[in-house]
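Next come the chains, spelled out residue by residue.
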Amino acid sequence: MDLKDFMEFVQTTARSVGAEISSPWFYLQFGLILAAAGIAYAADAAIRNRVDMTSVALRWPLPLRHFARVMVASASTAVFTLLVIVSRVVMYHSTWPSRSYLLMVAAKLGLAWLAIRLLTSVLRNAFFVRLVSITAWFVAALSILGQLDTTVDLLDSYAIVLGGLRLTPLLVLKAGALLIFALWLTNIASNFAESKINSTTDLTPSVQVLLIKIIRIGLLAVAIVIALGTVGIDLSALAVFSGAVGVGIGIGLQKIVANFISGIILLADKSVKPGDLVTIGDNTGRISAMKTRYISVAAGDGREFLVPNEDLVTQKVVNWTYTDKNTLVKIPFGTNYDADPKLVCKLAIETAATHPRAQKAKPPNCILTEFAEAGMKFSLTFWLADPDGMDNVKSDVMLALWEAFKREGIRVPYPVREIRVRGGALPVETTVEVPN
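Residues numbered from 1 in each chain as written. Predicted model: local features only at pLDDT ≥ 70, side-chain atom pairs only at ≥ 80, totals over all residues. Heavy atoms only, no water.

Visitor: I tried to follow the pattern of salt bridges on my own but got confused; where do I start?
Guide: Side-chain pairs of opposite charge can arise whenever the charged atoms involved come near each other. Taken as a whole and judged by the stated rule, the model has 5 salt bridges. Notably, a salt bridge pairs Arg286 with Asp388, separated by 3.0 Å at the nearest N-O pair. Placement of Arg286 in strand β4 (residues 283-290) and of Asp388 in the loop between β10 (376-384) and α15 (390-408) is noted, with a sequence separation of 102 residues between them. By sharing partners, the salt bridges in this structure join Arg286, Asp386 and Asp388 into a single network. (Salt bridge = Lys/Arg side-chain N within 4 Å of Asp/Glu carboxyl O. Helix = DSSP H or I, 4+ residues; strand = E, 2+ residues; numbered from the N terminus.)

Visitor: Help me out: how do you make sense of the sheet that holds strand β6 (residues 304-308) in this one?
Guide: Across a sheet, strands are paired by hydrogen bonds formed along the backbone, either parallel or antiparallel in direction. Pairing is antiparallel in the open sheet, where 5 strands are placed in the order β6-β5-β4-β3-β7. Strands at the two margins of the open sheet, each flanked by one partner only, are β6 and β7 (317-319). Within this sheet the neighbouring strands show an average axis-to-axis angle of 40°, counted without direction. With 4 bridges connecting them, strand β3 (residues 277-280) and β4 associate as antiparallel partners. (Pairing = 2+ DSSP bridges. Axes fitted to C-alpha atoms, helices over the stretch in contact; angles between N-to-C directions.)

Visitor: Explanation requested: a nonpolar patch on the surface in the structure shown.
Guide: On the surface, a cluster of nonpolar side chains totalling about 290 Å² of accessible area is made up of Val257, Ile261, Ile265 and Val313. Sorting elements by how many residues they give to the nonpolar patch places helix α12 (residues 254-269) first, with 3 residues. Note on placement: Val257 falls in helix α12. (Patch = residues over 30% accessible without salt bridge, like charges linked within 9 Å, V, L, I, M, F, W, Y side chains within 5 Å. Areas by Shrake-Rupley, 256 points an atom, 1.4 Å probe, with all protein chains shown as cover.)

Visitor: Explain the layout of surface pockets here, please?
Guide: Rolling a probe over the atoms, with the probe sized like a water molecule, indicates the empty space that remains. A volume near 750 Å³ is recorded for the largest pocket. If you trace the largest pocket, you find 26 residues lining it, with Thr135, Ala136, Val139, Leu173 and Ala177 closest to the centre. Going through the elements one at a time, α6 (101-120), α7 (126-144), α8 (148-157) and α9 (169-198) are the ones with two or more residues in the lining of the largest pocket. Take the lining of the largest pocket: its biggest share by element is 9 residues, from α9. Residues belonging to the lining of the largest pocket are distributed by class as follows: 21 nonpolar, 4 polar and 1 charged. Approximately 470 Å³ is the volume attributed to the second largest pocket. In this structure, the second largest pocket is lined by 20 residues; those nearest its centre are Glu194, Ile212, Lys213, Arg216 and Thr292. (1 Å grid on protein atoms, 1.4 Å probe; cavity = no way out; pocket = protein on both sides within 12 Å on 5 of 7 lines; lining within 4 Å. Points joined across faces, edges and corners; volume = space filled by probe spheres on them. Nonpolar A, V, L, I, M, F, W, Y, C, P; charged D, E, K, R; others polar.)

Visitor: Help me understand the pairing of strand β9 (residues 365-371), please; the structure alone is not making it clear to me.
Guide: Every regular strand shows the same layout, with side chains that alternate between the two sheet faces. Both β9 and β10 contribute to a ladder of 6 bridges, which runs antiparallel. Opposite Cys366, over in β10, you have Leu380 as the bridge partner. Hairpin connection, β9 to β10: the antiparallel pair is bridged by 4 residues.

Visitor: Teacher, can you tell me more about the environment of Ala136 here?
Guide: Turning to its location among the elements, Ala136 is positioned in helix α7. Residue classification places Ala136 among the partly exposed positions, given a relative accessible area of 30%. Between the alpha carbons of Ala136 and Ile116 there is a distance of 7.1 Å; along the sequence they are 20 residues apart. (Buried < 20%, exposed > 50% of the residue type's maximum accessible area, 1.4 Å probe, protein only.)

Visitor: Sorry if this is basic, but what is going on with the packing of aromatic side chains here?
Guide: Any pair of aromatic rings gets described here by the distance separating the centres and the angle formed by the planes. Per the counting criterion, the structure on display carries 3 aromatic pairs. With 5.4 Å between their ring centres and 15° between their planes, Phe333 and Phe378 make a pair best called stacked. Of this pair, Phe333 sits in strand β8 (residues 327-335) while Phe378 is found in strand β10, placing the two residues 45 residues apart along the sequence. The exposure class of Phe333 is buried, given its relative accessible area of 14%. The exposure class of Phe378 is buried, given its relative accessible area of 1%. Aromatic pair Tyr337 and Phe371: ring centres 6.3 Å apart, planes at 20°, arrangement stacked. Of the two residues, Tyr337 is situated in the loop between β8 and α14 (341-353) and Phe371 in strand β9; the sequence distance between them amounts to 34 residues. For Lys362, the ring lying beneath its charged end belongs to Trp383, and the centroid distance is 4.2 Å. (Phe/Tyr/Trp six-rings, centres within 6.5 Å; stacked < 30°, edge-to-face > 60°. Lys NZ or Arg CZ within 6 Å of the ring centre and 35° of its normal.)

Visitor: Would you explain the side chain of Thr327 in this entry?
Guide: With respect to the secondary-structure elements, Thr327 resides in strand β8. There is a polar contact of 3.1 Å between the side chain of Thr327 and the backbone oxygen of Lys325. Discounting residues that sit within four places of it in the chain, Thr327 has contacts with Trp320, Phe382, Trp383, Leu384, Asp386, Pro387 and Met390. (Polar contact = N/O pair within 3.5 Å; in protein donor to acceptor, adjacent residues only side chain to side chain. Contact = heavy atoms within 4.5 Å.)

Visitor: It is not clear to me how the nonpolar core should be interpreted in this structure. Could you clarify?
Guide: Judged by nonpolar contacts, the single largest core of 22 residues is most densely connected at Phe333, Leu380 and Phe382. Where this core is concerned, the elements lending two or more residues are β8, α14, β10 and α15. Once you skip the residues sitting within four places of it in the chain, Phe382 turns out to touch Thr327, Leu328, Val329, Ile331, Ala352, Ala358, Pro364, Val393 and Val397. Formed by 14 residues, the second largest nonpolar core is a distinct cluster that contains Leu266, Val272, Phe305 and Leu312. (Core = buried A, V, L, I, M, F, W, Y, C linked by side-chain atoms within 4.5 Å.)

Visitor: Explain the pairing of β6 to me, please; I cannot follow it from the model alone.
Guide: The side-chain alternation of β6 yields one buried face, formed by Phe305 and Val307, and one unburied face, formed by Glu304, Leu306 and Pro308. Hairpin remark: strand β5 (residues 294-298) followed by β6, antiparallel, with 5 residues in the connecting loop; positive phi at Gly300, about 95°.

Visitor: For this particular structure, what's the right way to read the packing of α14 against α15?
Guide: Helices that pack against each other are described as a pair by the angle of their axes relative to one another and the distance between those axes. The contact between α14 and α15 brings their axes to 9 Å, and the two run at 140°. It follows that α14 is oblique to α15 by the angle criterion. For the pair α14 and α15, the sense of crossing is right-handed. Residues Leu343, Val344, Leu347, Ala348, Thr351 and Ala352 of α14 pack against Val397, Ala400, Leu401, Ala404, Phe405 and Glu408 of α15. When grouped by side-chain class, the residues that make up the contact of α14 with α15 number 10 nonpolar, 1 polar and 1 charged. (Parallel < 35°, antiparallel > 145°, perpendicular 65-115°, else oblique. Left-handed = near helix turned anticlockwise from the far one by under 90°.)

Quick look at the structure:
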């Protein structure tokens, strides 16, 4: 369609609209449509307040329940469409069919919207539902008005040729719609595969995450290739842009790519996995999730640290549960020289052994480590089956040890400062007040 054909189309449409508006039947139809819209708006509020779908459709079959729920949610459109259809039927049998053409268009548009809402109600994303609904209704409206083919020709008439690729607005819209649909199907398939993989007990958590990532990336690549091939885009024509994309990745996306590759390495070598207790810098917590760009470390106090994957590859990471969850707890403490070292070690071992989380297969141990200036220094060690709550266990043992020392009269040394003055008294400053 060239500019001349487009101008003829505009002029023809303008003449048709002008002839329709000049007819008195147009204003009658327009008034009926406005009246139907007002009644539908009032009925919508009444239906929503009085109809409880949870109790009404409790025993209905699932498809019928779903249909009723959509109709109640779109009550205003349903009432409006019903009133317009009734008005159309009455006018169709009372006068010439052409005099109720506007009512017929309004009824078809209402039915199209109800059908679209019913089909898109299976989707969960609100933005996606709105986008698909508006786009589908716009296409349906053009088809109802008989302008779909003309609009398609118009969108296909303007093109930009890039190498062997003819890029038109119609091609972009088709590719976008197919990509959205393909990505939606890909997300459903990926979620299904993820649920099956996570329910498999034969795979380790790191292998599960790795498989899920590979499946998602593979399905995404297949969806893009199929969508672009379906609309007639030759993928070889896009080879011109591969160099620019490579430069963009090398310069602007190097951190993202580094984190992505680091995530694959972490999953492959199993150095960390979901559920591990790790210490990264000053942060300690359990790995709750491993994403493409980062891992999430739950600190246990409501905070979650998002650590880039690259940092786990390049920095020192303490994994408390890498090969074994058994954790050795060390508690250093001291006593004065009046205490019996053997009694101190015996009390410390008994105190640690009585804690419910201390392992019985590996009994606690206490050794004398140093004769220090202020007193004797000891080291109490015992094993836990899991490092979770290690600080709480240390606190419990230290409190119990303090109570045992008090019962036995054992004192914990603390620094004492003595000041001795030789050769006279301390200088004292005196202040003499002079009266005014």
